[in-house]
Amino acid sequence: MIDAVTIKEVKLQLGELCKQKRQSYDMSQQDLAEALELSRYTIQKFENGKNATLDTVLKIANHFDLLGNLYQALKDLEQNNDINSLY
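The shown structure was predicted, so the numbers you read here are calculated from the model rather than taken from an experiment.

Participant: Tell me about helix H1 (residues 7-24), residues and numbers included.
Facilitator: Taking 1.5 Å per residue, 18 residues should reach 26 Å; H1 reaches 26 Å between its end C-alpha atoms and fits that length. Along H1, the positions that sit buried rather than exposed are Gly15, Cys18 and Arg22. Axial view of H1: buried residues confined to an arc of 60 degrees, hence all on one face. Away from its buried face by more than 90 degrees, H1 exposes Gln13 and Ser24. A positive backbone phi angle near 55 degrees is found at Asp26, which sits one or two residues after H1.

Shown next as structure tokens:
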């Protein structure tokens, strides 16, 4: 049986990854917000799993040089799975 993953779990995981990367670069939430031209509140909400817009995810991934990895993971899924539309 496949374990169901919820959107909330993914948002929390993305937020935790952001926090870990930010801290590993010794950045404050304010530092990251300024670098991405976002508010500190947006970063705080993202790290708490409450604001994971696609734009914010991609900005953070790009900032921490993870965009290539994310893109490759998507390409791998596309090549290895039969992706059928739900519509």
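Participant: Before we move on, could you go through the UniProt feature "domain: HTH cro/C1-type" (unreviewed entry) in the protein and cite the residues and values that matter?
Facilitator: Summarizing the sequence annotation, UniProt attributes the feature "domain: HTH cro/C1-type" (unreviewed entry) to residues 19-70 in the numbering used throughout. Spanning residues 19-70, this segment combines 69% helix with 0% strand, and its end C-alpha atoms are found 17 Å apart.

Participant: Residues and numbers for helix H2 (residues 29-36), please.
Facilitator: Within H2 the residues assigned to the buried category are Gln29, Leu32, Ala33 and Leu36. Relative to the axis of H2, the buried residues are bounded by an arc of 100 degrees and lie together on one face. Taken together, the buried residues of H2 touch H1, helix H3 (40-47) and helix H4 (54-63). A positive backbone phi angle near 60 degrees is found at Glu37, which sits one or two residues after H2.

The rules behind the values
- Residues numbered from 1 in each chain as written.
- Predicted model: local features only at pLDDT ≥ 70, side-chain atom pairs only at ≥ 80, totals over all residues.
- Heavy atoms only, no water.
- Helix = DSSP H or I, 4+ residues; strand = E, 2+ residues; numbered from the N terminus.
- Expected span 1.5 Å × (residues − 1).
- Buried < 20%, exposed > 50% of the residue type's maximum accessible area, 1.4 Å probe, protein only.
- Arc of directions from axis to C-beta.
- UniProt positions renumbered as here; feature names shortened; annotations may be inferred.
- Contact = heavy atoms within 4.5 Å.

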